[in-house]
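# Summary of the model geometry
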Amino acid sequence: MGEEGTGGTVHLLCLAASSGVPLFCRSSRGGAPARQQLPFSVIGSLNGVHMFGQNLEVQLSSARTENTTVVWKSFHDSITLIVLSSEVGISELRLERLLQMVFGAMVLLVGLEELTNIRNVERLKKDLRASYCLIDSFLGDSELIGDLTQCVDCVIPPEGSLLQEALSGFAEAAGTTFVSLVVSGRVVAATEGWWRLGTPEAVLLPWLVGSLPPQTARDYPVYLPHGSPTVPHRLLTLTLLPSLELCLLCGPSPPLSQLYPQLLERWWQPLLDPLRACLPLGPRALPSGFPLHTDILGLLLLHLELKRCLFTVEPLGDKEPSPEQRRRLLRNFYTLVTSTHFPPVPPVLSPEPGPPEKTEDEVYQAQLPRACYLVLGTEEPGTGVRLVALQLGLRRLLLLLSPQSPTHGLRSLATHTLHALTPLL
């Protein structure tokens, strides 16, 4: 049987589509990296059945066995990615998005030209090692959720306007329009230019910074999978405080020596206290003291047009279940409501010619659901956690609630929470 109550075992295979030569294989078990590798005969069989279907003009995208879910995806007729998961009930949507993120990470660090025009397989294998750290973080039990939602993980700082003003001034002094402040892989503040970055680089860049070993400063070559997949840019990172980094995306200039330490100290030394207040925001996402109902064990708020999200499973201190279990519950609930109840992109994002735009509360037609809930366990008071999803206009809110929360009050609680969070995102 599949593995229940954990992340299960995940195997990720990357092969050259034309030859079937394996480029790498990464594995995780229970959310942690694993050395266990699949036998070459299994890898060959998985790729062979996919190629056999292609030759017959049949697209094999997924399959389920008694204890494993398999998803295949080809990119540019050059790279084939295959993922196998033993987690009970895992959805194809989640695995498909994992493969999209993995290929995005490969383009980010190697470039599209190297992946679509493979001249030397052994050299490509060597170059792809640079992406292992980032790819392994997708397979593990991450505190982030942008890999699944395709939205940028954000946090809300207590003094956001002050930090935003300093960020804009620093960007102008540095001569770039692409600057962000990142804490533990989550964006605290960013310039307008940074927010205009497309998907997936908007998600991948802060995730990459959060996955790398700590360093005072970095000058890192990156490609932008959407904006510049064949011409590299420079990703400069400057550590302001432990786990809090300033990120700049630029061309040949400025040199790192121009930014560190003179320009850095000039703009950020006076803001040491507001910067320190950002450090606890990594796991919590919301400022200390933000009013949340005591039944809330975790939340995920998405802005579907801005492609940003807030995600936390530690809003009000320690309670059962564990943070790892809460993250898994919310991830699974997100895939359920996204694939079953709510369309991935609301109709308002693709307006058609006609009457004037409706307000946010009117964009959904009557036949589309606005809310749903799920009770794990029984509906008896005090037993079984509750999950509720609410969609209003451009925002979607998912809440994980304690067993004490009555089912008849779930929608009201979610609506009140969404209205409280709306000014933040």
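The present account deals with the structure reproduced in this document. Not measured: the values here are computed from a predicted model. (Residues numbered from 1 in each chain as written. Predicted model: local features only at pLDDT ≥ 70, side-chain atom pairs only at ≥ 80, totals over all residues. Heavy atoms only, no water.)

### Examining empty space enclosed by the protein
Tallied over the entire structure, the rule returns three cavities of 30 Å³ or more. Roughly 320 Å³ of volume is contained in the largest cavity. Going through the elements one at a time, helix H2 (92–110), helix H5 (132–139), helix H6 (146–149) and helix H13 (323–340) are the ones with two or more residues in the lining of the largest cavity. Here the lining of the largest cavity is composed, by residue class, of seven nonpolar, six polar and nine charged. Roughly 50 Å³ of internal volume is contained in the second largest cavity. Counted by class, the lining of the second largest cavity contains three nonpolar, one polar and four charged residues. (1 Å grid on protein atoms, 1.4 Å probe; cavity = no way out; pocket = protein on both sides within 12 Å on 5 of 7 lines; lining within 4 Å. Points joined across faces, edges and corners; volume = space filled by probe spheres on them. Helix = DSSP H or I, 4+ residues; strand = E, 2+ residues; numbered from the N terminus. Nonpolar A, V, L, I, M, F, W, Y, C, P; charged D, E, K, R; others polar.)

### Points about the sheet that holds strand E7 (residues 152–153)
The strand order E7-E14-E13-E17-E16-E15 describes an open sheet built from six strands, whose pairing is mixed. The outermost strands of the open sheet, each flanked by one partner alone, are E7 and strand E15 (371–375). As defined by bridge partners, strand E13 (residues 296–303) adjoins strand E14 (residues 308–312) across five bridges and the pair is classed as antiparallel. If you follow Leu301 over to E14, its bridge partner there is Leu310. In the packing of H13 onto the sheet, the strands contacted are E13, E14, E15, strand E16 (386–392) and strand E17 (395–401), and the crossing angle to E17 comes to about 140 degrees. (Pairing = 2+ DSSP bridges. Contact = heavy atoms within 4.5 Å. Axes fitted to C-alpha atoms, helices over the stretch in contact; angles between N-to-C directions.)

### Digging into the packing of H5 against helix H9 (residues 201–211)
Two elements in contact, H5 and H9, have axes separated by 9 Å at closest approach and are oriented at 100 degrees. Judged by the inter-axis angle, H5 sits roughly perpendicular to H9. The segment H5 lies against H9, with Cys133, Leu134, Ser137 and Phe138 engaging Leu204, Trp207, Leu208 and Ser211. Residue composition of the contact of H5 with H9, grouped by class: six nonpolar, two polar and no charged. (Parallel < 35°, antiparallel > 145°, perpendicular 65-115°, else oblique.)

### Examining the side chain of Arg331
Note that Arg331 resides in helix H13. You can call Arg331 buried: its relative accessible area is 10%. Once residues lying within four places of it in the same chain are set aside, the contact partners of Arg331 are Arg94, Leu144, Ile145, Asp147 and Leu148. (Buried < 20%, exposed > 50% of the residue type's maximum accessible area, 1.4 Å probe, protein only.)

None of this, on its own, says anything about what the molecule does.
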